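# Structural features, examined
This is what each chain is made of:
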Amino acid sequence: MSDIGSEDYDEGQNKLGEYEGERNEAGERHGLGRAVFPNGDVYQGQYKNGQRQGEGTYRFKNGARYVGGYLQNSKHGRGIFYYPDGSKYEGSWLNNLRHGHGVYTYPNGDTYDGEWAHHERHGQGVYHYHDTGSKYKGSWVNGKMESAGEYIHSSHRYQGNFVNSFPCGPGKFVFDIGYEQHGEFHQTEQDQTEGEWGEFPSTSALKWIPKCISSLTPWPPGRDSTGEKDPHSTEEEGENSPE
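The shown structure was predicted, so the numbers you read here are calculated from the model rather than taken from an experiment. (Residues numbered from 1 in each chain as written. Predicted model: local features only at pLDDT ≥ 70, side-chain atom pairs only at ≥ 80, totals over all residues. Heavy atoms only, no water.)

### Quick look at the side chain of Ser87
- Looking at the secondary structure, you find Ser87 in the loop between strand S6 (74–82) and strand S7 (88–94).
- Note on Ser87: relative accessible area 1%, which makes it buried.
- Within the local environment of Ser87, its side chain forms a polar contact with the side chain of Asp85, the two groups lying 2.6 Å apart. (Helix = DSSP H or I, 4+ residues; strand = E, 2+ residues; numbered from the N terminus. Buried < 20%, exposed > 50% of the residue type's maximum accessible area, 1.4 Å probe, protein only. Polar contact = N/O pair within 3.5 Å; in protein donor to acceptor, adjacent residues only side chain to side chain.)

This is the structure:
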């Protein structure tokens, strides 16, 4: 689940190369233009006072391509980056970094839809696993699953806290057949292995310690899985509303 193809690309900040297009009175690139850099990269789009600024398309010689906004030569605002490995990011940029809301599609078909900061998954987001159909929905910190989250599978889900992309501490499994199992996840040191939670080899093995089993608490109409009122619901709470 790493950001394959997310390496930084040098867009030739000081390599002028060949240019065809509009200029201002000072002779600087200004307005629409097309530049071919010495390394083979090509930029076509808007300039302001000698810098890429506004909408443009930058094609890298390795096959990567960026289409979107620029500010003072840096990717800024909304934009789409197509990576050579087939992955794609569509969303917000700040100073050449993925920052704000965006959707990353990975080479294997996995997707992440959520918040970013400084090129990393950071904030609230949903990661969908293409091969299994499972998904994680919750909090991220510096690219890792952290704090409250939920792993959703075809017939059950796990709700609890996560540390360094692994479930840790109290949580519960909620099964579609009508019951939930409460317990805690502990980590035990052992030889290198791959955890059951996906693509993360780890020196720690997860151990689930069940505490109790209870019948599934029905979700009241107009509320989501956490019990909070669904803002999109049209249900009205009245005397017969579940307590």
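Don't stop here, the text continues.
### Digging into the pattern of salt bridges
- Enumeration according to the criterion identifies two salt bridges in this entry.
- With its nearest N and O atoms 2.9 Å apart, the salt bridge here joins Arg157 to Glu150. When sorted by exposure, Arg157 lands in the same class as Glu150, which is buried.
- Lys172 is paired through a salt bridge with Glu180; the nearest N and O atoms lie 3.7 Å apart.
- Overall, the relative accessible area of 6% leaves Glu180 in the buried class. (Salt bridge = Lys/Arg side-chain N within 4 Å of Asp/Glu carboxyl O.)

### Some thoughts on the environment of Gly31
- Residue position: Gly31 is located in strand S2 (residues 29–36).
- Placed 19 residues apart in sequence, Gly31 and Gly50 show a C-alpha to C-alpha distance of 9.3 Å.

### Comments concerning the confidence of the model for the protein chain
- Here the protein chain shows a mean pLDDT of 83. Residues at 70 or above account for 76%.
- In this model, residues 191–197 is a region of pLDDT below 50 whose contacts with residues beyond four sequence positions or in other chains number 20 contacts.
- Of the regions scoring below 50 in pLDDT, residues 199–203 engages in 19 contacts with residues more than four places distant in sequence or in other chains. (pLDDT = per-residue confidence, 0-100. Contact = heavy atoms within 4.5 Å.)

### Quick word on the environment of Asn95
- The residue Asn95 is located in the loop between S7 and strand S8 (97–105) in this model.
- Separated by 22 residues in the primary sequence, Asn95 and Asn73 have C-alpha atoms spaced 8.8 Å apart.
- Once residues within four sequence positions are removed from consideration, Asn95 is found in contact with Ser74, Lys75 and His76.
- Polar side-chain contacts of Asn95 include one of 3.5 Å to the side chain of Ser74.

### Some thoughts on the pairing of S2
- By the bridge criterion, five bridges tie strand S1 (residues 18–23) to S2 in an arrangement that is antiparallel. By the bridge assignment for S2, Glu18 is matched with Val36.
- As consecutive antiparallel partners, S1 and S2 are separated by five residues, and within that stretch Gly27 has a phi angle of approximately 85°, a positive value.
- Across six bridges, S2 lies against strand S3 (residues 42–48) in antiparallel orientation. From the neighbouring strand, Leu32 faces S3, where its bridge partner is Gln46.
- As consecutive antiparallel partners, S2 and S3 are separated by five residues, and within that stretch Gly40 has a phi angle of approximately 100°, a positive value. (Pairing = 2+ DSSP bridges.)

### Quick word on unusual backbone geometry
- For Asn142, which is not glycine, the phi dihedral falls at a positive 50°.
- You can see Asn142 is positioned in the loop between strand S11 (135–141) and strand S12 (144–152).
- In this structure Asn142 comes out as exposed when scored by relative accessible area, which is 52%.
- Even without being glycine, Ser147 reaches a positive phi, approximately 70°.
- Here Ser147 falls in the partly exposed class, since its relative accessible area comes to 42%.

### Side note on the packing of aromatic side chains
- Enumeration according to the criterion identifies 37 aromatic pairs in this entry.
- Centroid distance Tyr43 to Tyr70: 5.4 Å. Interplanar angle 85°. Geometry classified as edge-to-face. Of this pair, Tyr43 sits in strand S3 while Tyr70 sits in strand S5 (residues 65–71), placing them 27 residues apart in sequence. Each member of the pair, Tyr43 as well as Tyr70, carries the same accessibility label: buried.
- Lying across the ring of Tyr66, Lys75 places its NZ or CZ 5.7 Å from the centre.
- The ring of Tyr89 carries the charged tip of Arg98 above its face, separated from the ring centre by 5.7 Å. (Phe/Tyr/Trp six-rings, centres within 6.5 Å; stacked < 30°, edge-to-face > 60°. Lys NZ or Arg CZ within 6 Å of the ring centre and 35° of its normal.)

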